[in-house]
Structure formats: structure tokens, C-alpha cells
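Each chain is listed here by its residues.
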Amino acid sequence: MTTTDGVMKTVSRRTRWVRYSYVGLLALFAVCVVVQIYIAGMAVFIDPANWGMHMGFVHAFELLPLLMLVVAFLGGLPRTFKAIPVVLSVLVSVQYATAHLYGSYVAAIHPVNGMVILGVAVDGTKRAWSQVAR
């Protein structure tokens, strides 16, 4: 790994594994968002009863950003990678807020915000991988 002044710096095996864990958690979060979108599609196109699964599945992964933040600090990752889980947490909070506004124009933000969450998670995963894999 190279520091900002261009000097090579080695990291311990433990730190490297913690950083890989961060990438894994972020990728897992992205996969969960894709599954969540798929479940919403099942509710729209197959059976509205699937909305219950859509509302329940989020609880399986909503706290991953908090774990990512802890891992980012343990891995000594740059500030950018500490910000990603914070942004994801805020976006998930927006999801909860918009989900309960059915019938309003604000509620229409819900699916758009879901795509933003996916974009942040995928972009963050790619950036984190390029940082860790060096």
C-alpha cells in the first residue's frame, strides 16, 4: 500500500483480512439490495402477499452498514470508506420514511432511492476492492 507521500507501507495480515471483510460486507449488502428489489418485483408482478417478505427481508441486512463502519475503523481504511456505510445508513432511513407515505409523491422516491442505494453499494464495493487488492 502506498501512503499519500508515496512511501510504501506494509500492513499486517490481520489488517488485510479486516479490509477484505469490509469489501465482503459491502458486496453482501449490494447482493441483499438486489434480492430486495427482486422481492418487490415478485410483489408487483406475481402476488401482493410478497410485500410481507419485502418488508421483512430488509431486517436481515439493514445493520450491515453499522458493521461495515466498525470494520472500516478496525482496518484503518481512508475516510471515504468510513463515509460509505454512513451514507448507506442514511439512505436506508430514507427508505423507511418513504415506505410509509403510500399514495404521495414523496413515496415515489422509494424505488428511486433503492436504486441509489444499490449504486452506492456497488460503486463502494468496486472502490474498496481496488484499495484492498493493491
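As shown above, the structure is provided for reference.
Residues numbered from 1 in each chain as written. Predicted model: local features only at pLDDT ≥ 70, side-chain atom pairs only at ≥ 80, totals over all residues. Heavy atoms only, no water.

### Digging into the packing of aromatic side chains
Piece 1. By the definition in use, this model includes 5 aromatic pairs.
Piece 2. With a centroid separation of 5.8 Å and 50° between ring planes, the pair formed by Y20 and W129 is classed as tilted. Highlighted residues: Y20 in helix α1 (residues 13-45) and W129 in helix α5 (residues 109-132), separated in sequence by 109 residues.
Piece 3. What makes W129 partly exposed here is its relative accessible area of 46%.
Piece 4. Ring geometry for F29 and F61: centres 5.5 Å apart, planes at 70°, overall edge-to-face. (Phe/Tyr/Trp six-rings, centres within 6.5 Å; stacked < 30°, edge-to-face > 60°. Helix = DSSP H or I, 4+ residues; strand = E, 2+ residues; numbered from the N terminus. Buried < 20%, exposed > 50% of the residue type's maximum accessible area, 1.4 Å probe, protein only.)

### A short note on the nonpolar core
Piece 1. Counting residues in hydrophobic clusters, the biggest one holds 26 residues, and the most contacted among them are Y22, F29, F61, M68, L88 and I117.
Piece 2. Residue assignment for this core shows that the elements contributing at least two residues are α1, α3 (64-74), α4 (79-99) and α5.
Piece 3. Among the elements that take part in this core, α1 stands out by supplying 9 residues, more than any other.
Piece 4. Discounting chain neighbours no more than four positions away, the residues touching I117 are F29, V33, L88, L91, V92 and Q95. (Core = buried A, V, L, I, M, F, W, Y, C linked by side-chain atoms within 4.5 Å. Contact = heavy atoms within 4.5 Å.)

### Overview of a nonpolar patch on the surface
Piece 1. Together, V86, V90, V94, L101, V106 and I109 give the surface a local cluster of nonpolar side chains, amounting to about 440 Å² of exposed area.
Piece 2. When residues of the nonpolar patch are assigned to their parent elements, the largest contribution, 3 residues, is made by α4.
Piece 3. Inspection of the secondary structure assignment puts V94 in helix α4. (Patch = residues over 30% accessible without salt bridge, like charges linked within 9 Å, V, L, I, M, F, W, Y side chains within 5 Å. Areas by Shrake-Rupley, 256 points an atom, 1.4 Å probe, with all protein chains shown as cover. Salt bridge = Lys/Arg side-chain N within 4 Å of Asp/Glu carboxyl O.)

### Details of the packing of α1 against α4
Piece 1. At their nearest, the axes of α1 and α4 sit 12 Å apart, and the two run at 25° to each other. In terms of orientation, α1 and α4 fall into the roughly parallel class. Considering only the axes of α1 and α4, their crossing is left-handed. Contacts between α1 and α4 pair Y22, L26 and F29 from the former with F81, I84, P85, L88 and V92 from the latter.
Piece 2. Split by residue class, the contact of α1 with α4 holds 8 nonpolar, no polar and no charged. (Axes fitted to C-alpha atoms, helices over the stretch in contact; angles between N-to-C directions. Parallel < 35°, antiparallel > 145°, perpendicular 65-115°, else oblique. Left-handed = near helix turned anticlockwise from the far one by under 90°. Nonpolar A, V, L, I, M, F, W, Y, C, P; charged D, E, K, R; others polar.)

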